[in-house]
Amino acid sequence: MDIELLKQKALEAKEKAYAPYSGFHVGAALMTKDGKIYQGANVENASYSLTVCAERTAAFSAKLAGESEFEAIVITSDSKDFTPPCGACRQVLAELCGEELDVILLRPDNKTKTFKLKELLPFSFGSKQLNDV
Ligand code: THU
């Protein structure tokens, strides 16, 4: 897996964020098992709660392109510390990318911290519950 390229793509995606309200620009780059990369950035709205996070825009565009097997996602912002995915994004990533996904947090000083999605969202709710009634 080309992590350097994935980091570059997340940084590039951050520049496309539409965040006029928070001023907090987030970029994400999601890599499939066969090496394709889908970028995402946060898209805000004057009706604040309609905002969509970077991780979800990446996951949705990959899903709509027909992808179902994923390796890793890199998430980055201008915050000095790591930017972990919010709870809603963890849930969506679990649904669309699976709990074995590597979640790589990238800080502006180029340090990274990596988790498995299942570490960030243990004992998650999913289709297994719906299919168990
Ligand atoms: N944001 C993301 O894009 N990803 C996260 O995981 C956390 C938050 C965005 C949403 C909003 O546009 C801005 O960051 C401030 O919350």
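The structure under discussion appears in the preceding block.
Read on for an overview of the structure.

1. Side note on the packing of aromatic side chains
Throughout the structure, instances matching the rule amount to one aromatic pair. With centroids separated by 5.7 Å and ring planes inclined at 50°, the aromatic side chains of Tyr 21 and Tyr 48 adopt a geometry described as tilted. Linking Tyr 21 in the loop between helix H1 (3-14) and strand S1 (26-32) with Tyr 48 in the loop between strand S2 (37-41) and helix H2 (54-64), this pair joins segments that are 27 residues apart in sequence. Relative accessible area serves as the criterion here: at 60%, Tyr 48 is assigned to the exposed category.

2. Considering helix H3 (residues 87-97)
Turning to H3, its buried residues are Cys 89, Arg 90, Val 92, Leu 93, Leu 96 and Cys 97. Take H3 and look down its axis: the buried residues cluster within an arc of 170°, on one side only.

3. Considering H2
Residues of H2 that are buried include every one of Ala 54, Glu 55, Arg 56, Thr 57, Ala 58, Ala 59 and Ala 62, and no others. Contacts made by the buried residues of H2 are with S1, S2, strand S3 (70-77) and H3. Downstream of H2 by a residue or two, Gly 66 has a phi angle that is positive, lying close to 95°.

Cut-off values and rules
Residues numbered from 1 in each chain as written. Predicted model: local features only at pLDDT ≥ 70, side-chain atom pairs only at ≥ 80, totals over all residues. Heavy atoms only, no water. Phe/Tyr/Trp six-rings, centres within 6.5 Å; stacked < 30°, edge-to-face > 60°. Helix = DSSP H or I, 4+ residues; strand = E, 2+ residues; numbered from the N terminus. Buried < 20%, exposed > 50% of the residue type's maximum accessible area, 1.4 Å probe, protein only. Arc of directions from axis to C-beta. Contact = heavy atoms within 4.5 Å.

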